[in-house]
Amino acid sequence: MHIIPNKTPKVIKQLFPNCIWDFYANNEKKLYLTFDDGPIPGVTEFVLTQLNQYNAKATFFCIGDNIRKHPEVFRQILAEDHAIGNHTMNHLKAWKTSLEMYIENIIDCQNLIQEYSPKKDIQQIFRPPYGQISRTKFKALEKLGYNIILWDVLSKDWEQTISPEECLQNVLQNTQQGSIIVFHDSIKASKNLTAVLPEVLDYFSKRGYVFDTIRF
């Protein structure tokens, strides 16, 4: 069985040192919430409401097909000054997709992001679905100007076998200054997400942390 750790070990980060795993080096009391797989009506809007209550900003790694289906929710993310990242058009697995098809799918997603954005200077940041990336695909994306964003802490909100309390502890026990934290604004994750996100925002806000976007 393949077990994904809640906290990314240093040895894993060292395998892909040019990927962005965290912002420890910034020396600022900031955390970086990220949300994968949206936009999804209801779930994404819940996230935006919670973020707004704490004046928190986040980065949304969007699936192109969901942008196409729900452009109004996507535009709300942008209107509230959150950052947007590319998560492929169809949530592709890198290890099961050819280089040509994978890159084409990412470009299609980026074109949709640009099409639905009022600003045409959207940055090119990318998170591979499932965290799957090969050196060949990484180099191809790097040549196209993408920053590859992975993570420091996984909430595991999508896991149906864990309780909201376990999900919460995944975040509270593993987060440190500069952590990039993964949540999912998806139907599958909504049970844990809706219970845990308000608690995370409240806990770290009371301890003086700022939630910021990933921007370059």
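These numbers come from a predicted model, not from an experiment.

Regular strands have side chains that alternate between both faces of the sheet. Most of strand S1 (residues 30-36) is tucked away, with 7 of its 7 residues classed as buried. Covered by surrounding structure in S1 are Lys30, Tyr32, Thr34 and Asp36 together with Leu31, Leu33 and Phe35, the residues of both alternating faces. The pairing of S1 with strand S8 (residues 210-211) spans 2 bridges and is classified as parallel. Across the sheet, Leu31 pairs through a bridge with Phe211, a residue of S8. Relative to strand S7 (residues 180-184), S1 runs parallel, the two sharing 5 bridges. Following the sheet pairing, Asp36 is matched in S7 by His184. Relative to strand S2 (residues 59-62), S1 runs parallel, the two being bridged by 3 bridges.

Our focus in this paragraph is the packing of aromatic side chains. According to the stated counting rule, one finds 8 aromatic pairs in the structure shown. With centroids separated by 6.1 Å and ring planes inclined at 85°, the aromatic side chains of Tyr102 and Phe126 adopt a geometry described as edge-to-face. Here Tyr102 is found in helix H5 (residues 99-115), whereas its partner Phe126 is found in strand S4 (residues 125-126), with 24 residues between them in sequence. Residue class for Tyr102 comes out buried when judged on its relative accessible area of 0%. Here Phe126 falls in the buried class, since its relative accessible area comes to 0%. Through pairs of rings, three or more aromatic residues link up here, namely Phe23, Tyr32 and Phe216. Over the aromatic face of Phe16 sits the side chain of Arg135, whose NZ or CZ is 4.9 Å from the ring centroid.

You can see Cys62 is positioned in strand S2. When its relative accessible area of 1% is taken as the criterion, Cys62 is described as buried. Among residues more than four places away in sequence, those in contact with Cys62 are Gly38, Pro39, Ile67, Phe74, Ile77, Ile84, Gly85, Asn86, His87, Thr88 and Cys109.

This part is about the packing of helix H7 (residues 164-174) against helix H8 (residues 190-206). Here H7 crosses H8 at 35°, and the two axes come no closer than 9 Å. H8 is crossed by H7, and the crossing has right-handed handedness. Of the residues in H8, those in contact with Pro164, Cys167, Leu168, Val171 and Leu172 of H7 are Asn192, Ala195, Val196, Glu199, Val200, Tyr203 and Phe204. Looking at the contact of H7 with H8 residue by residue, the class counts come to 10 nonpolar, 1 polar and 1 charged.

Scanning the model with the defined rule gives 10 salt bridges in all. Across the salt bridge formed by Lys206 and Asp202, the nearest N and O atoms sit 3.1 Å from each other. With Lys206 and Asp202 both in helix H8, this residue pair falls 4 residues apart, about one helical turn. In this structure, a network of salt bridges that share partners links the residues Lys7, Lys13, Asp22 and Asp152.

Mapping Asn170 onto the fold places it in helix H7. Accessibility expressed as a relative area gives 12% for Asn170, which makes it buried. Ignoring anything within four residues of it in the chain, the contact list for Asn170 reads Asn6, Val153, Leu154, Ser155, Lys156 and Ile162.

Turning to the nonpolar core, a few remarks are in order. Judged by nonpolar contacts, the single largest core of 39 residues is most densely connected at Leu33, Phe35, Leu51, Phe60 and Phe183. Going through the elements one at a time, S1, helix H2 (43-53), S2, helix H4 (71-79), H5, H7, S7 and H8 are the ones with two or more residues in this core. Ranked by residues supplied to this core, first place goes to H8 with 6 residues. With 28 residues, the next largest nonpolar core counts Tyr32, Phe61, Ala94 and Tyr146 among its residues.

Criteria and cut-off values
Residues numbered from 1 in each chain as written. Predicted model: local features only at pLDDT ≥ 70, side-chain atom pairs only at ≥ 80, totals over all residues. Heavy atoms only, no water. Buried < 20%, exposed > 50% of the residue type's maximum accessible area, 1.4 Å probe, protein only. Helix = DSSP H or I, 4+ residues; strand = E, 2+ residues; numbered from the N terminus. Pairing = 2+ DSSP bridges. Phe/Tyr/Trp six-rings, centres within 6.5 Å; stacked < 30°, edge-to-face > 60°. Lys NZ or Arg CZ within 6 Å of the ring centre and 35° of its normal. Contact = heavy atoms within 4.5 Å. Axes fitted to C-alpha atoms, helices over the stretch in contact; angles between N-to-C directions. Left-handed = near helix turned anticlockwise from the far one by under 90°. Nonpolar A, V, L, I, M, F, W, Y, C, P; charged D, E, K, R; others polar. Salt bridge = Lys/Arg side-chain N within 4 Å of Asp/Glu carboxyl O. Core = buried A, V, L, I, M, F, W, Y, C linked by side-chain atoms within 4.5 Å.

Everything listed is a geometric property; what it means functionally is a separate question.
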